[in-house]
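Architecture at a glance
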Amino acid sequence: MESHERLLPLPPATVQTVTSASRWAVTCVMLTELFERAAFFGISDNLQIFCELKCFPDKYHDPLTFTWIFSGFAYAMNIFGGWLADTALRRFTAILSSLLIYTAGTLFLVGSAQACDNTSRVDNTVPALYVTGLCLVVLGTAGSQSNLGLYGAEQFRDTGDESEQERKVHRYFLWYYWCRNFGSVVAYTLVTYFLYQTDHHVYGYAAISAAVTLAAIFFASGYKRYRQEPQKEQLFKILIGIVSNRPDTSHTTQPKANVSSNREVSYSSSVDNSTQDRDVLRWLDRAKRSKGGRYPDEEVDDIKQLLSILGIFLTMLVYFTLYCQISTTYRIQSRYLRLPVLDKDDFFFSTIIVSLINPVSILLMVPLMDLVVYPCLSKVGWRPTYLQRIGAGMFLSMLSVTAAGVLEVYRGEVHQHHVHPQNISGQVYNATDLSVFMQVPQFFLSGVSEIMAVVTGFHFAYTQAPRRMKGTVMGLFLLMFGLGSYLSIGISSAFNITVEGIDSPSGLNINLNNSHAERFHFFLAGLMFLDMGLFWLLARRYKYKTYLTKAKDFERSTSCSSPRDYGSTSQIFSSIQ
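Residues numbered from 1 in each chain as written. Predicted model: local features only at pLDDT ≥ 70, side-chain atom pairs only at ≥ 80, totals over all residues. Heavy atoms only, no water.

**A look at the state of the cysteines**
Scanning the model with the defined rule gives one disulfide in all. Paired by a disulfide, Cys 55 and Cys 116 hold their sulfur atoms 2.0 Å apart. Here Cys 55 and Cys 116 share a disulfide; its torsion about the S-S bond, -80°, makes the bridge left-handed. Of this pair, Cys 55 sits in the loop between helix 2 (47–50) and helix 3 (65–76) while Cys 116 sits in helix 5 (residues 91–117), placing them 61 residues apart in sequence. Taken individually, Cys 55 and Cys 116 each receive the classification buried, so the pair is uniform in this respect. (Disulfide = S-S within 2.5 Å. Helix = DSSP H or I, 4+ residues; strand = E, 2+ residues; numbered from the N terminus. Buried < 20%, exposed > 50% of the residue type's maximum accessible area, 1.4 Å probe, protein only.)

This is the structure in structure tokens:
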């Protein structure tokens, strides 16, 4: 295990060496994320169509629910991977071992694709191999996604003062998310081409397996350059003990307790006591040593901070429910609009072009936000806080789903007079003679909302989480992705029962010509509006903390009212160091 001394500030003579090593380490993390996301989106975005092939039994022919369940489990398991890296494994070990499990899972997918290519009827071997592969992929994402982003952010330790580190971490997460979306573009184009342009689906899944293998290679190649985390703490034991106020057996000697108690008195004096009487978490204070409890004040305040962060994350559940519509209801709506003729009698690749609007908008907006918008805001003296940016993202998401509902109303009116049949992967859709590029506003608004809400969410999870809990908090944030998928299933099922009158719903009625999908979109917009009200109440009460990554102590925190200045920018990977 790494010792605490690893966190001490580096001598000035070694600063240049640290900068060079950090640059290569961050580059390895970025490339790892790019190829891993290319593989993940290659699986999830093509899962609907692959499971509808003749080699799968009919029970797998559910294009929405199956995708929601897979994506939900993939994101929900991240909390386990983050907790494991916080409490037991070195973060490097957790990430690399997860990528190896991930690779093994893709090999099962390759086997299922090969078996499917060799048969023209239902073969139970195909779903058995496929589901096994998906389960291993879920386990692989659990350890990689909850730890990879914050592991890259940790490489900026000792690269400047607190303000400089925060500026670099802010820019890092912007470009980290840019790599995530570049990976999705690769999945939408190259992986989809290999899967469906050829007669051999195995080529597509072989490309997915190769992408994960490259991700593992790139990550392992930076081993000697990475800055490792300090020794582990018994996080779960501390959490249970503080909540129940049980004795803390990890502090065995009285002298150590006295020294810690003296240090904690100084620490607690830095906490804003003006809100003690109205703090809903004050009941945890009974576990503090300064209040007669048995736990260091820092550990108790860390648990209170964790619960405060969890409250913010829970309000983002509705946001991620709306986020799920990009790959489900928005894409279904695309099939009922006039697609451009790109592939003769089959419009499958035309739908892919529409799906690229969202990630491409992010690829364009990230440089704009990093190089223009944020520096300009800084110059005029307005530095929006994390929660202000997340709130703006929620608002844009509400506008996106509202735009989808308005378009659906207009599409229904035009469809009564202008029908445009089109063939998509062998299925004929009675689409409306209305250009699919009418969806550009909703996809673009959704993409900008991701930059404001999701990117800031990553940054918020990293900077606001106590150091011993960073993996767990990042896992909690990603858990909201998964729970949002499940909430989307529940809402769509309830909507089918109450509005569409479907007795046994398994997902939203995908025949838009015989449904009222616009009501579903407007319902989501209203739900988002109510959720924004709750978010606003919590945001007003939230107290920011900046957890320093360079200190003699394991960690310390200082209260602040807003994030630091973003500063000026230049080269992407060079100046980020």
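**A few points about the packing of helix 5 against helix 8 (residues 202–221)**
Two elements in contact, helix 5 and helix 8, have axes whose closest approach is 8 Å; the angle formed by their N-to-C orientations is 165°. Taken as axis vectors, helix 5 and helix 8 run roughly antiparallel relative to one another. In the crossing of helix 5 with helix 8, the sense of the turn from one axis to the other is left-handed. When the residues that make up the contact of helix 5 with helix 8 are grouped by side-chain class, the tally is 18 nonpolar, five polar and one charged. (Axes fitted to C-alpha atoms, helices over the stretch in contact; angles between N-to-C directions. Parallel < 35°, antiparallel > 145°, perpendicular 65-115°, else oblique. Left-handed = near helix turned anticlockwise from the far one by under 90°. Nonpolar A, V, L, I, M, F, W, Y, C, P; charged D, E, K, R; others polar.)

**Observations regarding the packing of aromatic side chains**
Under the definition given, this model contains 38 aromatic pairs. Centroid distance Tyr 386 to Tyr 544: 5.8 Å. Interplanar angle 55°. Geometry classified as tilted. Placement of the pair is Tyr 386 in helix 16 (residues 386–415) and Tyr 544 in strand 4 (residues 544–547), with a sequence separation of 158 residues. The cationic tip of Arg 37 hangs over the ring face of Phe 41; the distance from NZ or CZ to the ring centre is 5.5 Å. One cation-aromatic arrangement involves Lys 470 over Tyr 462; the distance from NZ or CZ to the ring centre is 4.4 Å. (Phe/Tyr/Trp six-rings, centres within 6.5 Å; stacked < 30°, edge-to-face > 60°. Lys NZ or Arg CZ within 6 Å of the ring centre and 35° of its normal.)

**What to know about the confidence of the model for the protein**
Of the residues in the protein, 73% have a pLDDT of 70 or more, and the chain-wide mean is 76. Taken element by element, the predicted model of the protein shows its lowest mean pLDDT in helix 20 (residues 572–575) (40) and its highest in helix 16 (93). Within the model, pLDDT remains below 50 along residues 1–18, and this stretch shows 34 contacts once partners closer than five positions in the same chain are excluded. Ignoring residues within four places in sequence, the model shows residues 548–577, a span with pLDDT below 50, making 104 contacts including any to other chains. (pLDDT = per-residue confidence, 0-100. Contact = heavy atoms within 4.5 Å.)

**Here we look at helix 15 (residues 357–379)**
The end-to-end C-alpha distance of helix 15 is 31 Å, a good match for the 33 Å that 23 residues give at a rise of 1.5 Å each. Along its length, helix 15 shows its largest kink, about 50°, at Met 369. Two residues or fewer past helix 15, Gly 381 is found with a positive phi of approximately 85°. (Expected span 1.5 Å × (residues − 1). Bend = angle between axes of the 7 residues up to and from the residue.)

**Some words on the packing of helix 16 against helix 19 (residues 517–541)**
With their axes 8 Å apart at the nearest point, helix 16 and helix 19 run at an angle of 165° to one another. Classified by the angle their axes make, helix 16 and helix 19 are roughly antiparallel. Where helix 16 crosses over helix 19, the two elements pack in a sense that is left-handed.

**As for the side chain of Glu 450**
You can see Glu 450 is positioned in helix 17 (residues 440–464). One buried charge, Glu 450, has no salt-bridge partner; the nearest side chain with opposite charge is Arg 180, at 7.2 Å. If sequence neighbours within four positions are ignored, Glu 450 has contacts with Tyr 177, Asn 181, Tyr 319, Tyr 323, Ile 326, Asn 358, Ile 362 and Val 455. (Lys, Arg positive; Asp, Glu negative; His and termini not counted. Salt bridge = Lys/Arg side-chain N within 4 Å of Asp/Glu carboxyl O.)

**Observations concerning the pattern of salt bridges**
Tallying each qualifying case throughout the model produces six salt bridges. Measuring nitrogen to oxygen at the nearest pair gives 2.6 Å for the salt bridge that ties Arg 37 to Glu 36. Judged on exposure class, the residue Arg 37 and its partner Glu 36 are both buried.

**Comments concerning the environment of Val 202**
Within the secondary structure, Val 202 is located in helix 8. In sequence terms Val 202 and Asp 117 are 85 residues apart; their C-alpha atoms lie 7.4 Å from each other. Dropping the residues within four chain positions of it, Val 202 is found in contact with Val 110, Ala 113, Gln 114 and Asp 117.

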